[in-house]
Amino acid sequence: MLAGRLHVTDRALRMETVPVPEPGHGQVRIKVVAAGVCLSDVHLIDGTLTPLYLPDDVVTLGHEVAGVIDALGEGVEGWQPGQRVLLQAGERDRRGTVLTRGVDYDGGWAEYALARQDTVVPIPDDLPFEQACIIPDAVSTPWAAVTDTARTRAGEAVAVWGVGGLGAHAVQLLRLVGAAPVIAVDPLPAARDRALALGADTVLDPGEATFRDAVRELTGGRGLDVAFDFAGVTAVREQALTVLGRRGRLVLAGIANKPVTIASDSPFNYFQQAVLGHYGSEAEHVEQLVGLARAGRLDLAGSVSDVLPLAEAEEAVRRVESKQGNPIRLILRP
């Protein structure tokens, strides 16, 4: 079968022909129908990220995967060939270590992929594979940030910095939980337009001299209850801290690999503010989102910016890296 294989030693993505994997005990094999291309995949290729638990130096990329069950390994119960499913983006080993699909073990940039049976999630017939595959990261990461880390409540004033693959979904999800107003902050006009189409109440350019005054006016003078950094930029954190209100929370969902600086602890302490780190999601978040999609509460049609053949994975990576077309998600189809 064809697979997109990352050679970690020389940071090279190569499209290679490899054997079709056989499911082991407790595993299922799925025929991949759709696989998302994430900025994390780009960072694995360019060296910004490195697999921590990969046993050798080659791995099939792809942690956002959906398809059809093709074969069952020994001991598998409750699953049948032909079922439509998505795969959780990772799993815990016996020691509790979180292993990421397409990073620490082979992922879904391939015609077939293996998954432990407890990491398989059924999807409804009316949820397209191209939309289902992005739920385990592009949608579940902001969902967990909104509902678990920030514990956003209805009526809270929120802002999202960075309306890319994660931030675009955060806008939708914040509206879904009743946050108001939902403010989208992005320097790119196209991203701001997209945020409005996805349900943001208003959009702001972070470079405007009147930015802070605009946030105060939009929040009735009280400031933000929650600020979400999905950009992973130091300047975003610094700006967000200046517009937090009493008990305001800054959630760091983007990764900058830089120090987080609080300009003065006096107002930070007086207003009882908080900076919260966020990473990924748990299995229940994916299941919640599938349920919301099944109930018609979550529409991800606008999230699929383009679909490319698996053989063009390198082109998809180039487009994500260069932000060509300002994509939310590009999808590979074997």
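See the structure shown above.
A brief report on the enclosed structure follows. (Residues numbered from 1 in each chain as written. Predicted model: local features only at pLDDT ≥ 70, side-chain atom pairs only at ≥ 80, totals over all residues. Heavy atoms only, no water.)

Some points on the overall build of the protein chain
For step 1, the next point in the chain: Along the backbone of the protein chain there are ten helices and 18 strands.
For step 2, the next point in the chain: The C-alpha atoms of the protein chain give 20 Å as radius of gyration, which agrees with the globular expectation for 334 residues (20 Å, within 12%).
For step 3, the next point in the chain: The dimensions of the protein chain, computed from C-alpha atoms along their principal axes, are 60 × 45 × 40 Å.
For step 4, the next point in the chain: Buried residues in the protein chain amount to 53% of all 334 residues.
For step 5, the next point in the chain: A fraction of 71% describes how many contacts in the protein chain between residues 6 or more apart in sequence connect residues 24 or more apart.
For step 6, the next point in the chain: Surface accessibility of the protein chain: about 14,800 Å² in total, with carbon and sulfur atoms responsible for 50%.
For step 7, the next point in the chain: Seen as two clouds, the 31 positive and the 43 negative side-chain charges of the protein chain have centres 5 Å apart. (Helix = DSSP H or I, 4+ residues; strand = E, 2+ residues; numbered from the N terminus. Rg over C-alpha atoms; globule rule 2.2 N^0.38 Å. Buried < 20%, exposed > 50% of the residue type's maximum accessible area, 1.4 Å probe, protein only. Contact = heavy atoms within 4.5 Å. Areas by Shrake-Rupley, 256 points an atom, 1.4 Å probe, with all protein chains shown as cover. Lys, Arg positive; Asp, Glu negative; His and termini not counted. Charge placed at Lys NZ, Arg CZ, Asp CG, Glu CD.)

Side note on the side chain of Arg5
For step 1, the next point in the chain: With respect to the element layout, Arg5 can be found in strand S1 (residues 2–7).
For step 2, the next point in the chain: A distance of 3.0 Å separates polar atoms of two side chains, one belonging to Arg5 and the other to Thr60.
For step 3, the next point in the chain: What Arg5 contacts, discounting residues up to four positions off in sequence, is Ala12, Leu13, Arg14, Glu16, Val18, Val58, Val59, Thr60 and Asp106. (Polar contact = N/O pair within 3.5 Å; in protein donor to acceptor, adjacent residues only side chain to side chain.)

Focus on the sheet that holds strand S2 (residues 12–17)
Sheets are built from strands that pair by backbone hydrogen bonding, the pairs being arranged parallel or antiparallel.
For step 1, the next point in the chain: Here we have three strands laid out as an open sheet, ordered S2-S1-S4, and antiparallel in their pairing. Because the sheet does not close on itself, it has two edges, and the strands there are S2 and strand S4 (58–60). Across the sheet, the mean angle separating the axes of adjacent strands is 35° when strand polarity is ignored.
For step 2, the next point in the chain: Relative to S4, S1 runs antiparallel, the two being bridged by three bridges. For His7, the partnering residue across the bridge sits in S4 and is Val58. (Pairing = 2+ DSSP bridges. Axes fitted to C-alpha atoms, helices over the stretch in contact; angles between N-to-C directions.)

Quick look at the sheet that holds strand S15 (residues 244–252)
For step 1, the next point in the chain: What the six strands build is an open sheet, ordered S13-S12-S11-S14-S15-S16; its pairing is parallel. Of all strands in the sheet, those bounded by a partner on one side alone are strand S13 (202–204) and strand S16 (274–277). Direction aside, neighbouring strands of the sheet carry axes that sit 20° apart on average.
For step 2, the next point in the chain: Of the strands in this sheet, strand S12 (182–185) and S13 touch helix H5 (residues 189–197), which is tilted by about 165° from S13.

Looking at the pairing of strand S18 (residues 329–333)
For step 1, the next point in the chain: Here S18 lies mainly inside the structure; four of its five residues are buried.
For step 2, the next point in the chain: Bridge count between strand S3 (residues 27–37) and S18: three bridges; the pairing is antiparallel. Across the sheet, residue Val37 finds its bridge partner in S18, namely Leu330.
For step 3, the next point in the chain: By the bridge criterion, five bridges tie strand S17 (residues 304–309) to S18 in an arrangement that is parallel. Bridging from a neighbouring strand, Pro309 pairs with Arg333 of S18.
For step 4, the next point in the chain: Between the parallel pair S17 and S18, the chain is carried across by helix H10 (residues 313–322), and the sense of this crossover is right-handed. (Right-handed = clockwise from strand over helix to strand, strands pointing away.)

Let's talk about helix H1 (residues 39–46)
For step 1, the next point in the chain: Buried within H1 we find Asp41, Val42, Leu44 and Ile45. For H1, the arc enclosing every buried residue in end-on projection is 160°, short of the 170-degree limit, so these residues lie on one face.
For step 2, the next point in the chain: Each element contacted by the buried residues of H1 is listed here: S1, S2, S3 and H10.
For step 3, the next point in the chain: Immediately beyond the C-terminal end of H1, within one or two residues, lies Gly47, with a positive phi of roughly 95°. (Arc of directions from axis to C-beta.)

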